[in-house]
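Each chain, written out:
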Number of protein chains: 2
Amino acid sequence: MRKSKSGQAGSAVRPAKGDKHVYLFGAGLSEGDGSMKALLGGKGANLADMASLGLPVPPGFTITTETCAKFYTLGAARLHERIRGEVEAALKRLEQVTGKTFGRGANPLLVSVRSGAAASMPGMMDTVLNLGLNPETVEAMVARTGNPRFVWDSYRRFIQMFGNVVMEVEHDAFEHELEAVKHARGYTLDTELTADDLKEVVGRYQAMVRRVKGCEFPTDAMDQLRRGIDAVFGSWNNARAVKYRQMNDIRGLVGTAVNVQTMVFGNSGTNSATGVAFTRDPSTGENRYFYGEYLINAQGEDVVAGIRTPQQITVKGSREWARARQISEKVRRLQYPALEESMPAVFKQLDAIRAKLERHYKDMQDIEFTIEDGRLYMLQTRNGKRTAAAAVRIATDLAKEGLITEKTAVQRVDPAQLDQLLHPVFVRTAEAKSKRLTVGLPASPGAATGQVVFNAASAEEWAAQGKQVILCRVETSPEDIGGMSAAAGILTARGGMTSHAAVVARGMGKCCVSGCGELQISYDKKTVVCGSEVIREGEWISLNGSTGAVYAGRLETEDPKLTGPFAVIMALADKYRTLGVRTNADTPRDTAKAVAFGAEGIGLCRTEHMFFEGDRITSFRRMILVAETVKGLRAALAACGDAAERAVLEASLAAPLKQYNQALRELLPLQRKDFIGMFKALKGRPCTIRLLDPPLHEFLPQDVAGQEEMAAAMGVGVEEIRKVVESLHESNPMLGHRGCRLGISYPEVTQMQVRAICEAAAAVKGSQPEIMVPLVGHVKELASQKELILQTIAEVERQKKVSLKIKIGTMIEVPRAAITADQIATEAEFFSFGTNDLTQMTCAFSRDDAGKFLGDYVARGFYDYDPFQVLDQDGVGRMIDIAIAYGRSVKPHLKVGVCGEHGGDPKTVAFCHGHGFDYVSCSPYRVPIARLAAAQAALRG
Amino acid sequence: MRKSKSGQAGSAVRPAKGDKHVYLFGAGLSEGDGSMKALLGGKGANLADMASLGLPVPPGFTITTETCAKFYTLGAARLHERIRGEVEAALKRLEQVTGKTFGRGANPLLVSVRSGAAASMPGMMDTVLNLGLNPETVEAMVARTGNPRFVWDSYRRFIQMFGNVVMEVEHDAFEHELEAVKHARGYTLDTELTADDLKEVVGRYQAMVRRVKGCEFPTDAMDQLRRGIDAVFGSWNNARAVKYRQMNDIRGLVGTAVNVQTMVFGNSGTNSATGVAFTRDPSTGENRYFYGEYLINAQGEDVVAGIRTPQQITVKGSREWARARQISEKVRRLQYPALEESMPAVFKQLDAIRAKLERHYKDMQDIEFTIEDGRLYMLQTRNGKRTAAAAVRIATDLAKEGLITEKTAVQRVDPAQLDQLLHPVFVRTAEAKSKRLTVGLPASPGAATGQVVFNAASAEEWAAQGKQVILCRVETSPEDIGGMSAAAGILTARGGMTSHAAVVARGMGKCCVSGCGELQISYDKKTVVCGSEVIREGEWISLNGSTGAVYAGRLETEDPKLTGPFAVIMALADKYRTLGVRTNADTPRDTAKAVAFGAEGIGLCRTEHMFFEGDRITSFRRMILVAETVKGLRAALAACGDAAERAVLEASLAAPLKQYNQALRELLPLQRKDFIGMFKALKGRPCTIRLLDPPLHEFLPQDVAGQEEMAAAMGVGVEEIRKVVESLHESNPMLGHRGCRLGISYPEVTQMQVRAICEAAAAVKGSQPEIMVPLVGHVKELASQKELILQTIAEVERQKKVSLKIKIGTMIEVPRAAITADQIATEAEFFSFGTNDLTQMTCAFSRDDAGKFLGDYVARGFYDYDPFQVLDQDGVGRMIDIAIAYGRSVKPHLKVGVCGEHGGDPKTVAFCHGHGFDYVSCSPYRVPIARLAAAQAALRG
């Protein structure tokens with residue numbers, strides 16, 4: 001006997017702690033516990049936990065997630081060299097505690113081999129049941145159970161599962177053999193197969209595997225086990241699992257654990273059963289009864305398969321279930337008795353376990369159990385998935401019940417999920433009963449139904465007549481704002497999640513489905529064609545902006561309720577958060593909505609949206625038509641020294657200047673009225689108003705028809721309009737003549753806007769306007785606009801005999817502003833980070849064009865998330881850090897906020913909490929999300 | 001007597017040092033000296049200096065530039081309260097030393113009142129001569145001189161000058177009176193006017209002033225002086241002066257000084273004269289003779305007026321002058337004698353002063369003198385303006401003569417001026433004799449002449465036939481590169497200093513005049529119309545790219561000489577500079593030229609320019625046509641799990657993939673050939689090659705005609721091309737699918753380019769390629785391209801059995817790259833700042849669109865310079881500082897350079913020297929400029 005070898009064997013049985021791969025559980029022993037999810041996976045940790053709690057868990061062992069990582073670095077062969085000793089020792093103990101033997105003997109031990117990562121990935125990875133069956137153990141099992149059909153069916157299932165999962169034989173090949181036997185016998189259902197039939201199926205399976213794979217189906221149980229473990233480890237990186245982790249943002253895990261567990265059989269007779277249950281209603285969160293289903297004489301997969309109708313756990317649940325299906329109490333009790341009725345003792349035991357688990361985990365549990373010959377076994381428990389409504393109710397209820405603290409309750413709700421609760425939704429079952437036309441991108445959540453219109457003008461007209469409309473466009477442009485605002489929902493054929501339609505709709509909290517490539521929209525015919533379906537103007541369609549589904553017809557919707565548990569959780573969030581939450585709103589209506597959602601003010605009011613409403617666009621366009629002429633003549637005048645020439649220039653300037661000032665005079669009272677409405681809705685809350693931002697060409701029609709229409713409306717030639725459109729054209733409008741550059745070129749526009757703000761502030765007592773200068777890159781730009789603003793404020797103060805306290809600040813959205821923030825801060829009373837544009841310029845991503853590669857960038861992991869949805873913390877975030885540090889180096893109490901889409905993203909909110917922001921500002925519908933995310937960030941500390 | 005008042009008066013006569021406004025000079029006293037330019041202005045300081053040197057300076061005093069600043073803060077009235085005492089005291093001294101009395105008496109003192117700022121601003125500000133004349137002093141002067149015509153002419157001149165400059169009476173009003181008298185007498189010339197005539201003119205002037213201004217012309221000399229001083233101070237901020245300072249980049253001055261100086265008269269008789277002279281030839285810099293002109297019996301203004309022909313100073317100069325004009329020696333001696341001949345004693349004195357001044361100032365001087373009754377007076381000396389050639393020669397000569405050190409010589413030449421020496425120029429006088437059609441923007445310096453063609457293809461064809469052509473386009477686009485390269489010069493009707501034509505032409509060192517708004521170009525008729533002039537294809541025109549002038553016809557040009565003093569100054573520059581200088585070049589020809597200009601390697605080789613040459617564009621376009629299809633199908637394949645679907649996808653991929661690879665295979669040998677040519681021209685110098693950068697749509701024709709042509713060339717339908725053009729369209733191409741994003745989407749393009757580089761490197765011994773990945777924003781982009789590059793290098797090494805040392809680095813042009821430079825540096829062996837794009841993204845300025853406001857921004861002083869010409873040091877410079885600091889924090893010896901237009905700008909070169917750069921890279925023609933600027937930066941320390 002060689003000492004060293006024996007020493008090695010010994011160390012495999014009792015390895016050093018860092019080298020331990022296998023953790024035992026059940027039968028009075030738990031090497032792991034619930035805190036070890038990272039190492040043992042969720043399933044493994046909870047099995048160990050349940051065993052510790054004294055619950056009836058079939059004994060087994062967990063091979064750690066770290067072992068999975070080694071599987072990938074060492075390869076299967078070298079891994080098994082390392083862990084063989086531990087696995088064999090664990091099996092030996094299983095044999096001891098169960099009194100069974102693995103792969104042989106009169107009382108054979110069968111095991112299940114299941115995956116189980118630290119995060120739940122249901123159905124994504126592989127499972128093998130009934131492992132350990134072979135001709136010898138089948139014979140022994142038959143002898144022992146006296147139930148040959150059960151045993152041969154188990155063997156058939158095992159060969160099929162193992163063959164498919166481990167040996168990679170196509171699923172269809174097995175089905176083919178099974179069907180052949182059923183066909184020969186004239187059967188329809190699997191249940192008609194007798195034990196002998198199943199024996200024949202097993203024979204055919206084995207022959208088929210031999211044919212396809214060129215080898216025998218393995219009969220050695222240890223070989224089966226080793227290969228089963230490899231298959232589970234291997235499934236960690238199958239395409240499905242990788243995709244799932246990507247989609248669900250599951251990161252930082254090293255692999256899956258493998259749980260090897262003694263098989264128990266819910267299908268071993270009528271005193272056996274299997275079931276799944278939630279400790280509370282996962283749909284509403286209510287704690288009314290023990291919510292779940294079971295099947296007698298069945299295995300877990302039968303419950304899911306949907307061939308037999310599962311029965312309810314409790315009598316109360318069963319009765320409700322029957323009532324909804326108009327099943328009489330008599331029939332129910334006979335055919336679908338509750339577990340509480342069919343196995344009252346087991347029910348009692350299970351109900352006690354339910355209470356114990358909730359107390360232990362302090363959360364709603366999703367459990368799996370099996371009853372074998374009247375004996376209850378717990379196979380799994382985990383925190384149950386739930387709807388947003390349920391999440392909110394459960395969190396608040398658990399706090400009320402004293403199981404968790406308020407702080408924990410706040411952390412129990414996923415902020416992103418809240419969105420579900422804020423928008424109208426289709427009434428239950430409406431979608432299931434309706435005709436789905438196509439699916440586009442879920443661009444802005446909520447449900448909407450309405451009559452189709454194909455242009456913004458119709459949308460506004462019809463809406464004014466009290467009709468509910470869906471605006472359907474190939475894509476939208478800023479000119480459509482009025483129509484978008486009037487519509488109940490927006491549907492586009494082109495454009496992604498960050499297209500104009502999507503961004504504006506989300507800002508408005510309006511349902512939008514974008515990028516429905518299948519739709520063919522004809523503006524001329526006023527039809528939208530989808531496959532063979534033709535929908536005409538005025539016909540009803542319905543949109544689910546949360547899924548992207550588009551339905552023909554009118555689906556009933558219902559409004560969200562913001563009371564009850566929702567109000568409770570929001571109050572708790574406000575109690576714990578330190579970060580302010582404002583909203584982006586441009587109308588009194590949106591403002592009121594945002595205030596109802598808890599906004600503490602407006603962080604971004606985009607004044608240009610006001611220009612699109614009704615007749616205003618005409619005044620604004622009239623202004624644009626002459627603005628460049630005015631600017632050009634003024635520049636010429638400034639440069640001209642000759643008196644005669646000056647006189648000529650001054651004469652030419654007179655007419656356009658008159659038109660220009662007239663247009664601005666027309667706009668002034670309209671803007672003032674808007675501001676008055678908003679200030680009133682805000683009831684003294686602050687309101688950050690951004691001066692005119694988009695390039696002027698965005699306000700002009702780019703198409704011939706629109707230009708002709710505009711020419712007619714203005715009484716000028718279409719050529720004149722075309723000339724202005726051309727002269728305003730820009731190669732890169734994102735980096736062009738916009739933002740404060742407009743206010744510098746056309747100071748009267750700034751003056752008009754500031755005057756409207758000041759006059760509104762004078763009219764509404766307690767209003768707190770803050771004026772924000774956009775697209776500042778150089779402190780002198782800000783200083784120059786600020787001078788103009790201060791002059792105008794002083795003028796209004798003099799005229800109205802009031803004293804106005806108006807803060808003046810700037811958006812930080814140009815990288816140059818960020819890195820010269822120490823200079824900018826000398827002139828600014830606040831910074832608001834325009835993270836949309838800051839991202840575009842920092843990363844050199846045009847939001848309109850980046851679709852060509854950005855998806856690929858995220859898929860490759862260059863960026864963890866789309867940087868237009870979740871702030872790019874490493875890049876743009878660093879820019880922000882620099883700006884805040886520079887800014888506060890000269891003004892320690894400089895107020896700092898963020899506006900733009902990112903302000904409503906929970907990860908970005910957490911970033912803002914941790915990086916010195918005073919507030920975030922987001923669209924009204926994201927205000928509750930931001931409040932909750934801010935509270936969670938504060939509680940994480 | 002109130003004590004305090006007397007104390008004040010006393011302190012005005014002898015003020016505290018900080019409060020001294022007036023500095024005396026001449027007649028044995030100099031309160032100032034040459035070092036006090038900032039306070040006394042250039043003229044005042046040098047007058048004090050000359051007085052100290054014992055030169056004959058008419059005595060006077062200088063009122064400081066700081067007084068001018070006070071003039072603007074205090075206003076004229078309060079200023080004069082402060083300085084009255086000092087001025088009166090200074091005048092008193094003048095009276096004492098001259099024995100004359102100001103504004104009265106038998107021997108009246110007349111003074112000149114002249115402006116004089118610290119920087120030379122010739123003719124921009126006001127001057128008043130003969131101040132102190134009034135009826136009393138006129139009479140006294142007549143009595144004293146016995147020359148009434150001289151006196152009355154002086155009085156007439158004084159009234160006219162003072163009336164115009166101080167009283168703001170239109171110049172024409174005086175001319176009108178003068179003409180009236182001449183007309184009445186039947187005179188043609190002013191010289192025909194007698195003393196009596198002039199007396200009448202004076203009377204008419206006085207009456208006219210009374211009529212126009214409603215007041216008498218002042219007779220009180222002190223009043224005249226006060227108002228004269230105010231006028232000079234006021235002229236500091238007249239439009240002309242402000243514009244001049246702006247254009248000549250004169251900054252940081254507080255105002256102009258005023259020099260009040262005893263009048264001396266060059267027009268007091270035939271023993272009087274006045275002249276200007278340069279101590280060396282300001283055109284060539286040669287020290288051949290005393291170069292200057294004088295006029296007998298004249299005032300300074302007469303020399304400039306051009307009515308009389310000035311005579312030369314030296315006999316040698318006079319003879320050369322006469323020879324050029326075919327004037328016989330006899331006539332010359334009689335009519336145009338040199339000063340050396342007419343006043344030999346004065347000449348001797350002046351020549352001695354010439355030598356003294358050069359020794360004192362150690363530089364070529366521009367002097368003004370007056371001879372009054374045989375007595376020489378020095379009125380001004382200053383460093384003489386000179387051509388670039390003269391600057392270089394004078395600096396090297398002075399060093400050779402031991403007057404200045406080598407280091408000083410290097411600092412004496414303005415690097416920007418060198419540009420004049422590097423391009424072909426028109427032979428002397430060619431322009432003066434030619435018909436100028438119009439003036440555009442001086443977009444790229446040099447002179448060019450050629451036959452007009454209207455498209456790039458013709459340019460290439462005609463050039464291939466040995467013709468010299470000027471490419472005339474409304475504007476140019478990347479498709480025109482081949483034609484631009486073939487042309488001798490480029491003329492465009494649209495586009496500014498940073499238009500495509502301008503930027504590319506400067507890069508090529510090719511003469512270009514852009515933005516000639518007056519030109520109407522018709523591609524159909526093949527004509528360019530300018531006013532009434534029509535020029536047809538094939539007709540000759542000539543361009544001066546340094547001035548923007550466009551001439552009809554063929555003007556003779558000559559090539560620059562890079563030997564002699566130019567070579568000397570460059571050698572000195574190289575001796576003292578520490579910053580490397582590389583070049584931006586894309587062809588072997590440009591490379592050779594740059595090496596001749598002293599480039600130490602290539603800092604930027606833009607591979608895409610290679611794709612436009614000849615047939616290559618066809619292969620490249622073929623690649624583009626299928627590239628998106630290939631990309632799309634590959635993405636679909638990657639996402640597809642279904643075997644049958646995969647097979648379909650694979651089948652559809654086969655044909656486009658074949659075309660795609662075929663196109664790349666066609667391009668490979670062509671690129672390799674280019675690189676071989678460049679490596680050979682570089683003779684072992686390093687060559688930084690940037691991988692494909694521009695968006696693909698730039699390679700496709702955007703107009704219908706071009707698309708049809710392309711369709712025909714490729715044998716595909718025009719619809720197909722239109723579809724691809726449309727699908728490639730971008731809203732903001734600057735921030736779109738370009739740079740490394742292309743290499744990531746189309747890895748085979750990167751592979752092809754890298755292979756071409758490696759195979760060329762293997763073929764040319766000693767070549768040092770460096771591969772640069774463009775538009776990196778995230779380290780993972782770089783890492784991904786680097787992996788591909790390294791694989792390809794390894795492949796070629798294996799195949800060619802060579803070992804290649806190829807550095808891999810990146811352009812820093814995206815702000816995100818700059819602020820995450822610590823991460824980027826882990827993957828990069830060098831950084832090259834792409835300051836053009838970095839400026840665009842940092843400042844949010846689209847170079848194509850910023851014309852709408854950027855001029856205004858510079859005019860308002862938001863930016864000191866156009867940030868696309870001179871690096872914006874406060875903003876982009878700070879971004880660069882951050883990037884270098886971050887980059888070197890992980891790689892202390894990281895090589896850092898700059899490429900792009902800024903690399904050749906002297907201010908930017910100085911920035912790079914001071915901020916840790918290893919090298920700058922600029923277009924070949926700017927290499928000498930950068931070398932000199934780098935040396936000067938090093939010498940400034």
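In what follows, the structure referred to is the one given above.
Figured I'd write up the structure that's included with this text. (Residues numbered from 1 in each chain as written. Chains lettered and ligands numbered in written order. Predicted model: local features only at pLDDT ≥ 70, side-chain atom pairs only at ≥ 80, totals over all residues. Heavy atoms only, no water.)

## Observations regarding the overall build of chain A
Here comes step 1: Tallying secondary structure elements over chain A gives 37 helices and 33 strands in all.
Here comes step 2: Dimensions of chain A, computed from C-alpha atoms along their principal axes, come out at roughly 120 × 65 × 55 Å.
Here comes step 3: Buried positions account for 57% of the 941 residues belonging to chain A.
Here comes step 4: For chain A, contacts bridging at least 24 residues in sequence account for 69% of all contacts bridging at least 6. (Helix = DSSP H or I, 4+ residues; strand = E, 2+ residues; numbered from the N terminus. Buried < 20%, exposed > 50% of the residue type's maximum accessible area, 1.4 Å probe, protein only. Contact = heavy atoms within 4.5 Å.)

## Observations regarding the relation of the copies chain B and chain A
Here comes step 1: Rotating chain B by 180° and moving it 0.2 Å along the rotation axis overlays it on chain A with an RMSD of 0.2 Å. Overall, the copies show the geometry of a two-fold rotation axis. When C-alpha distances to the rotation axis are compared across chain B, the minimum falls at B:Asn732, with a value of 2.2 Å.
Here comes step 2: The share of interface residues of chain B whose copies in chain A are also at the interface is 100%, consistent with both copies meeting through the same surface. (Least-squares fit on C-alpha atoms with pLDDT ≥ 70 in both.)

## Things to note about the state of the cysteines
Residues and elements named next belong to chain B.
Here comes step 1: Tallied over the entire structure, the rule returns zero disulfides over all chains.
Here comes step 2: Summary of cysteine pairing: Cys-758 is not part of a disulfide, and the nearest cysteine sulfur, belonging to Cys-687, is at 13 Å.
Here comes step 3: Taking the relative accessible area as the measure of exposure, Cys-758 reaches 0% and is therefore buried. (Disulfide = S-S within 2.5 Å.)

## Considering the packing of aromatic side chains
Residues and elements named next belong to chain A.
Here comes step 1: Following the criterion strictly, the structure yields 48 aromatic pairs over all chains and no others.
Here comes step 2: On the numbers, 5.4 Å between centres and 70° between planes, the contact of Phe-162 with Phe-217 is edge-to-face. Linking Phe-162 in helix α6 (residues 148–165) with Phe-217 in the loop between α8 (195–213) and α9 (221–235), this pair joins segments that are 55 residues apart in sequence.
Here comes step 3: Taking relative accessible area as the criterion, Phe-162 reaches 0% and is therefore assigned buried. (Phe/Tyr/Trp six-rings, centres within 6.5 Å; stacked < 30°, edge-to-face > 60°.)

## Observations concerning the sheet that holds strand β32 (residues 895–899) of chain A
Residue and element names in this part refer to chain A.
Here comes step 1: Judged by pairing direction, the barrel is parallel, and its eight strands sit side by side in the order β26-β27-β28-β29-β30-β31-β32-β33 before closing back on the first. Averaged over all adjacent pairs, the angle separating strand axes in this sheet is 25°, with direction ignored.
Here comes step 2: Judged from the two bridges that link them, strand β26 (residues 580–584) and strand β27 (residues 602–606) form a sheet pairing that is parallel. Directly across from Asn-584, in β27, lies its bridge partner Leu-604.
Here comes step 3: Most of the contacts of helix α33 (residues 835–843) go to strand β31 (residues 830–834), to which it runs at about 65°, and overall it touches β30 (807–812), β31 and β32. (Pairing = 2+ DSSP bridges. Axes fitted to C-alpha atoms, helices over the stretch in contact; angles between N-to-C directions.)

## A short note on the interface of chain B and chain A
Here comes step 1: On the side of chain A, 51 residues touch chain B, which itself brings 51 residues to the contact.
Here comes step 2: Overall, the association of chain B and chain A removes approximately 4,600 Å² of surface from exposure, summing both partners, and the carbon and sulfur fraction of that is 52%.
Here comes step 3: If you sort the residues of chain B by the area they bury against chain A, B:Leu735, B:Lys852 and B:Arg878 come out on top, with a joint share of 16%.
Here comes step 4: In this assembly, chain B and chain A are joined by four salt bridges.
Here comes step 5: B:Asp872 is paired through a salt bridge with A:Arg816; the nearest N and O atoms lie 2.6 Å apart.
Here comes step 6: In this structure, the connection of chain B to chain A is made through 36 residue pairs in polar contact (both at pLDDT 80 or more).
Here comes step 7: Across the side of chain B that touches chain A, the residue classes break down as 20 nonpolar, 15 polar and 16 charged. (Buried area = accessible area lost by both parts, 1.4 Å probe. Salt bridge = Lys/Arg side-chain N within 4 Å of Asp/Glu carboxyl O. Polar contact = N/O pair within 3.5 Å; in protein donor to acceptor, adjacent residues only side chain to side chain. Nonpolar A, V, L, I, M, F, W, Y, C, P; charged D, E, K, R; others polar.)

## So, the sheet that holds strand β12 (residues 375–383) of chain A
Residues and elements named next belong to chain A.
Here comes step 1: Strand order in the open sheet formed by five strands is β10-β9-β8-β11-β12, with antiparallel pairing between adjacent strands. If you trace the sheet from one side to the other, it starts and ends with β10 (311–312) and β12, each paired once.
Here comes step 2: Two elements, strand β8 (residues 273–278) and strand β9 (residues 291–296), share six bridges in a ladder whose sense is antiparallel. Bridging from a neighbouring strand, Gly-275 pairs with Tyr-294 of β9.
Here comes step 3: Together, β11 (365–372) and β12 form the strand contacts of helix α15 (residues 344–361), whose direction differs from that of β12 by roughly 25°.

## Some words on helix α16 (residues 388–400) of chain A
All names here are of chain A.
Here comes step 1: The terminal C-alpha atoms of α16, which comprises 13 residues, lie 18 Å apart, in line with the 18 Å expected from a rise of 1.5 Å per residue.
Here comes step 2: Turning to α16, its buried residues are Ala-388, Ala-390, Ala-391, Val-392, Ile-394, Ala-395, Thr-396, Asp-397 and Leu-398.
Here comes step 3: In this structure, the buried side of α16 is in contact with α17 (406–412), α18 (415–422) and α22 (564–576).
Here comes step 4: Once α16 finishes, Gly-402 follows within two positions and takes phi at roughly 80°, a positive value. (Expected span 1.5 Å × (residues − 1).)

## Focus on the packing of α33(A) against helix α35 (residues 876–890) of chain A
All names here are of chain A.
Here comes step 1: For the pair α33 and α35, the least separation of the axes is 10 Å and the interaxial angle reads 110°. When the interaxial angle is binned, α33 and α35 end up roughly perpendicular. On α35, the residues touching Thr-835, Leu-838, Thr-839, Thr-842 and Cys-843 of α33 are Val-876, Met-879 and Ile-880.
Here comes step 2: Considering only residue class, the contact of α33 with α35 consists of five nonpolar, three polar and no charged. (Parallel < 35°, antiparallel > 145°, perpendicular 65-115°, else oblique.)

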